[in-house]
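# Observations on the three-dimensional arrangement
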Amino acid sequence: MRRTTARAAEAASDTGDRRPLMSAEELADFLGVPLNTVYVWNHRRQGPRAHKVGRYLRYRWPEVEAWLEAQAVDRAV
């Protein structure tokens, strides 16, 4: 069970659209790629922008979605 402080709950309610950060494991699952691929992307500065939280990589949903949109293949005929 996740415990939140009053300050964290208040901050979340003020922003309205705030979602929890995505872990590297969640990103790999979301994109359907191996977890190691996510870590290689981060090392090579490829893939969605990562944020270090302590020793963990975390990703913001809007940044992942924007990166994914930028990967779209243009099929102009």
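What this report covers is the structure whose coordinates are included nearby. All of these numbers come straight from a predicted model, not from anything done at the bench.

### Observations concerning the sheet that holds strand 2 (residues 51-53)
By definition, the strands of a sheet pair up through backbone hydrogen bonds, in either a parallel or an antiparallel sense. Pairing in this open sheet of 3 strands is antiparallel, and the strands run 1-3-2 from one edge to the other. Each edge of the open sheet is held by one strand with a lone partner, namely strand 1 (22-23) and strand 2. Note: strand 2 against strand 3 (residues 56-59), 3 bridges, orientation antiparallel. Paired with K52 across the two strands is L57, which belongs to strand 3.

### Details of the side chain of S23
As for its placement among the helices and strands, S23 is situated in strand 1. With residues up to four places along the chain from it excluded, the contact list for S23 reads L57, R58 and Y59.

### Some words on the packing of helix 2 (residues 24-31) against helix 3 (residues 35-43)
Across the interface, helix 2 lies against helix 3 with an axial gap of 8 Å and an inter-helix angle of 110°. The pairing of helix 2 with helix 3 is recorded here as roughly perpendicular in orientation. For the crossing formed where helix 2 meets helix 3, the hand is right-handed. Residues A24, E25, L27, A28 and L31 of helix 2 touch helix 3, and the partners they reach there are L35, V38, Y39 and W41.

### Comments concerning the pattern of salt bridges
Counted according to the given criterion, the structure contains 3 salt bridges. E65 is the partner of R19 in a salt bridge, and the nearest nitrogen-oxygen pair spans 3.7 Å. On the criterion of sequence distance, the pair formed by R19 in the loop between helix 1 (6-15) and strand 1 and E65 in helix 4 (residues 61-70) is long-range, its members being 46 residues apart. Between E63 and R60 there is a salt bridge whose closest N-O contact spans 3.7 Å. Counted as one network, the salt bridges with shared partners bring together R49, R60 and E63.

### Details of the pairing of strand 3
The side chains of a regular strand alternate, residue by residue, between the two faces of the sheet. Burial along strand 3 is one-sided: the residues L57 and Y59 are buried and none of Y56 and R58 is. Here strand 1 runs beside strand 3; their pairing, made up of 2 bridges, is antiparallel. The residue of strand 3 that forms the bridge with S23 is R58. Hairpin connection, strand 2 to strand 3: the antiparallel pair is bridged by 2 residues, and G54 has positive phi, about 65°.

Conventions used here
- Residues numbered from 1 in each chain as written.
- Predicted model: local features only at pLDDT ≥ 70, side-chain atom pairs only at ≥ 80, totals over all residues.
- Heavy atoms only, no water.
- Pairing = 2+ DSSP bridges.
- Helix = DSSP H or I, 4+ residues; strand = E, 2+ residues; numbered from the N terminus.
- Contact = heavy atoms within 4.5 Å.
- Axes fitted to C-alpha atoms, helices over the stretch in contact; angles between N-to-C directions.
- Parallel < 35°, antiparallel > 145°, perpendicular 65-115°, else oblique.
- Left-handed = near helix turned anticlockwise from the far one by under 90°.
- Salt bridge = Lys/Arg side-chain N within 4 Å of Asp/Glu carboxyl O.
- Buried < 20%, exposed > 50% of the residue type's maximum accessible area, 1.4 Å probe, protein only.

Bear in mind that shape data such as this cannot, by itself, settle questions of function.
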